[in-house]
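Read off the chains here:
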Amino acid sequence: MKTKLSVGLVLQYALAVFFMLLFCLPLLFMISSSLKDPQAIFADVKSWKAFFPVGDVNFDQYLGVFERLPMAQFVFNSLLVSGVVVIAGLFVNSLAAFAIARLKFRGQNSLLVFLIATLVIPFETIAMPLLVLVNSLPRLSWEDGSIEITIGWLNTYLVQIMPFIAGGFSIFLFVQYFKTLPKELDEAAIIDGASYFSIYWRIIVPLAGPAFATSAILSFLAIWNAYLWPVMVVQTEALRPVQVGLDYFWASTSEEGTQWGEIMAYSTLITLPILIIFVIFQRAFVASVASSGVKG
Amino acid sequence: MIKLTRALLAASAASAIVLSGCAATDSASNSEEGAATGETTTISMWSHAAGNDQEIATVKEAITDFNASQTQYEVVLEEFPQESYNDSIAAAAASNTLPCVVDVDGPIMPNWAWAGYLQPLTIDSALEQSLLPGAKGYYNDQLYSAGAWDAALGMLARKSTLEAVGARIPTVAEPWTQAEFDALLAAIDATGDYDYAIDWGNGWTGEWFPYAYSPIMQSFGGDLIDRSSFETADGVINSDASVAFGEWFGSTFAKGYANAAQTGDRTEFIAGTIALQYNGNWAVKDAYEALGDDLLILPPPNFGQGPKIGAASWQFGISSTCESPEGASAFIEFILQDKYIVAFANRIGLIPATATAAEQVPNYAPGGPFAVFVEFSNSYGVLRPPTPAYLSVSTIYEKAVADIINGANAKQALDAAADEIDANLADNDFYR
């Protein structure tokens, strides 16, 4: 089989390669810089060498990262918080979306409009009221061998998780996807005596893989990159997530100075989980974006 | 389905306990701050030095020694990275979870005192007297903070460079005049041996801008705000003298003497591609090790009102919610002993806060290679305006200077800064 190599096709590929390089260059710069001494990073920055691990390549910056902060603890914290938010969020948001997209009740559309409206409110505007709220809420704690009720959620994983489980965007995404599934599936199941939860669990969920994948990726990304909220509510190093860890390397007005090499090494380390998750889910992600008409 | 529901409920309950309860002991350091546990009262302390091994090591040493020296109080440390420390403090104040002892950047202290985060600090008067002016923080004539060190700025140069262009080597008694400095920059530029004549450090951002550049403006005769009332910046930050500073400073970039796109690593001076560097004493060790006797640490030029440098660095204070201020004061007095001041100075390279400590630090003892910074600090140090408005003033000034560096008209940039500062003052009822 022969493929005709038209000018248009060549241009199309050239453009694709150009944009691929454009988006890959920052990553290449970050990874290659993480393998160089800080002096070499700045020496190479004005040439092509900035994007390649050339010269005295070593892992000193990575060693420096592990010496400067409790890397494993920070990664564990972020994985735990992101993981719980994603898993709980998929369940809660898809259930809410199921109700909006598949059931019939008064105020259905108003509810959806209200949820979409929450998307335009920046988190920064509600951060302080939310802080005061969570600081006055009770929680269960384990003390001296018994479960007790304590007031205030600060310095817990809970405070990093609970406010972010339900999300307007995620619900909207599920609603859009669920609406594409034929209503006849529900009707047939109801005739067979299925409950609404059975319809959700046995019919809708198995058919909505791409929506779940997209929601999982976007939620994970948002929580993994959370910075302001952890700065406000986490007052102990043991519970700090990875993004706040970046602050450990900034010290321009100290004898040591800002550790650019270590910043690149740390950035590489904390970018890897995101890249891995995206690579795993990318087919489903693209399929969902294409079918739901939602762009992340 | 019932099994599934039960399993979900059980998992949810277990998760709730695990996720909310596993940090209970950590949070206790704040929530139980000041509460007596048996005979010992816990004093929680926050430090901004997470990630800065050398600084935090001394803090930890002092805490260990203090806790071992008596049984009445136990100081418990929590470390925060400097970049987000102020935000963490603001959030803690909003949620009423401030620790007992905090460290606070000198120019920020008045804002925290005004906002009610801090209570006045009572320490031994002899200790208070012995500290450098830049190591003490006063607001409304009351001491609120005291620190173990101060920082100072100076001009770094190579002796060989100055000799090559026939420039006079300035002294504390006779610093360069503006004319001499201008001639020096032009002469260095004319040699063609350097990419740029001077590195102003404009690759650094944030507090560096007001810390480093407002003293130059003060040397011209300008200032950030009217210090008699702290209720207006108009006619001060945009005064003729301030505008003269802006025009002159901008011209060093416009003429190509300095790089407007300077990076933050500041390695060019040691590498020999930039001839002069305006920097702090914390950064001089590398240059000294690289250049040895060829390194000159020089006073900033006199632009009319004498050389000026910024004063005040990180200090210790007591939060307004601290229930054991006497214990907190005892700890602050403890960590301000010469032993720890010397340790701080040796480890992080800053100026010891007392003369007796300075004598024990080889670099800052009389005749030491960096001793001249102590002279700069004593002779030229100017506190940044001790007003709660400083947080806003510094940000607005940073933007104005950044605009000037990038070619904006100095008069317009500083007029805009004056308007913005005055609007901020009015919005906050002049921080009364």
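Residues numbered from 1 in each chain as written. Chains lettered and ligands numbered in written order. Predicted model: local features only at pLDDT ≥ 70, side-chain atom pairs only at ≥ 80, totals over all residues. Heavy atoms only, no water.

(A) Fine view of the overall build of chain B. Assigned secondary structure in chain B consists of 18 helices and 16 strands. Its C-alpha atoms give chain B a radius of gyration of 24 Å, within 12% of the compact-globule value 22 Å for 432 residues. In terms of overall dimensions, chain B has a C-alpha envelope of 85 × 50 × 50 Å along the principal axes. Scored against the burial criterion, the 432 residues of chain B give a buried share of 57%. Put simply, 74% of the contacts in chain B that link residues at least 6 apart link residues at least 24 apart. Counting only carbon and sulfur atoms, one obtains 50% of the accessible surface of chain B, whose full area is about 16200 Å². (Helix = DSSP H or I, 4+ residues; strand = E, 2+ residues; numbered from the N terminus. Rg over C-alpha atoms; globule rule 2.2 N^0.38 Å. Buried < 20%, exposed > 50% of the residue type's maximum accessible area, 1.4 Å probe, protein only. Contact = heavy atoms within 4.5 Å. Areas by Shrake-Rupley, 256 points an atom, 1.4 Å probe, with all protein chains shown as cover.)

(B) The arrangement of the domain arrangement of chain B in detail. Residue and element names in this part refer to chain B. Partitioning chain B into domains gives domain 1 (40-151 + 313-383) and domain 2 (153-306 + 389-431). When each unit is reduced to the centre of its C-alpha atoms, the spacing between domain 1 and domain 2 is 28 Å. If you look at the interface, domain 1 gives 22 residues, while domain 2 gives 21 residues. Each partner contributes to the roughly 1900 Å² buried at the junction of domain 1 and domain 2, and carbon and sulfur atoms together form 67% of this total. Connecting domain 1 to domain 2 are 0 salt bridges. Applying the counting criterion to the domain 1 and domain 2 interface returns 5 residue pairs in polar contact (both at pLDDT 80 or more). Counting residues per element, the ones that place at least two in the side of domain 1 that touches domain 2 are helix H5 (109-114), helix H16 (371-380) and strand E16 (381-383). Sort the elements by how many residues they give to the side of domain 1 that touches domain 2 and H16 lands first, with 6 residues. Classifying every residue of the side of domain 1 that touches domain 2 by side-chain character gives 16 nonpolar, 3 polar and 3 charged. (Domains from an automatic or database assignment. Buried area = accessible area lost by both parts, 1.4 Å probe. Salt bridge = Lys/Arg side-chain N within 4 Å of Asp/Glu carboxyl O. Polar contact = N/O pair within 3.5 Å; in protein donor to acceptor, adjacent residues only side chain to side chain. Nonpolar A, V, L, I, M, F, W, Y, C, P; charged D, E, K, R; others polar.)

(C) The domain arrangement of chain A, seen in detail. Residues and elements named next belong to chain A. Entries for chain A in the domain assignment read domain 1 (1-58) and domain 2 (65-292). A C-alpha centroid distance of 32 Å is found between domain 1 and domain 2. With 9 residues of domain 1 at the contact, the number on the domain 2 side is 7 residues. When domain 1 packs against domain 2, the two sides together hide about 670 Å² of surface, and 85% of this comes from carbon and sulfur. In this assembly, domain 1 and domain 2 are joined by 0 salt bridges. Between the two partners, domain 1 and domain 2, sit 0 residue pairs in polar contact (both at pLDDT 80 or more).

(D) Summary view of the nonpolar core. The biggest cluster of nonpolar side chains holds 133 residues, and the ones touching the most others in it are Phe181, Trp200, Tyr213, Ile237 and Leu276 of chain B. Counting residues domain by domain, this core receives three or more from each of domain 1 (40-151 + 313-383) and domain 2 (153-306 + 389-431) of chain B. The contacts of Tyr213 of chain B, once residues within four sequence positions are left out, are Trp200, Gly201, Asn202, Trp208, Phe245, Phe249, Tyr278, Tyr397 and Val401 of chain B. One finds Ala97, Phe174, Tyr200 and Tyr266 of chain A within the second-largest nonpolar core, a separate group that totals 44 residues. (Core = buried A, V, L, I, M, F, W, Y, C linked by side-chain atoms within 4.5 Å.)

(E) Focus on the pairing of strand E2 (residues 40-47) of chain B. Residue and element names in this part refer to chain B. Most of E2 is tucked away, with 7 of its 8 residues classed as buried. One ladder, built from 7 bridges, connects E2 with strand E3 (residues 73-79); its direction is parallel. Residue pairing for E3: Thr42 is matched across the bridge by Glu74. The β-α-β motif built from E2, the intervening helix H3 (residues 53-69) and the parallel element E3 has right-handed crossover chirality. Across 2 bridges, E2 lies against strand E4 (residues 101-105) in parallel orientation. For Trp46, the partnering residue across the bridge sits in E4 and is Val102. (Pairing = 2+ DSSP bridges. Right-handed = clockwise from strand over helix to strand, strands pointing away.)

(F) Focus on the sheet that holds strand E11 (residues 274-280) of chain B. All names here are of chain B. On the basis of which strands lie adjacent, the open sheet formed by 4 strands has the order E10-E11-E9-E12 and mixed pairing. Edge strands, defined here as strands with exactly one partner in the open sheet, are strand E10 (196-199) and strand E12 (295-298). Neighbour to neighbour, the strand axes of the sheet diverge by 20° on average, direction disregarded. Where strand E9 (residues 153-158) meets E11, 5 bridges bridge the pair, whose relative direction is antiparallel. Its bridge partner lying in E11, Met155 is registered against Tyr278. Each of E9, E11 and E12 is contacted by helix H12 (residues 284-291), which is oriented at about 145° to E12, the strand it contacts most. (Axes fitted to C-alpha atoms, helices over the stretch in contact; angles between N-to-C directions.)

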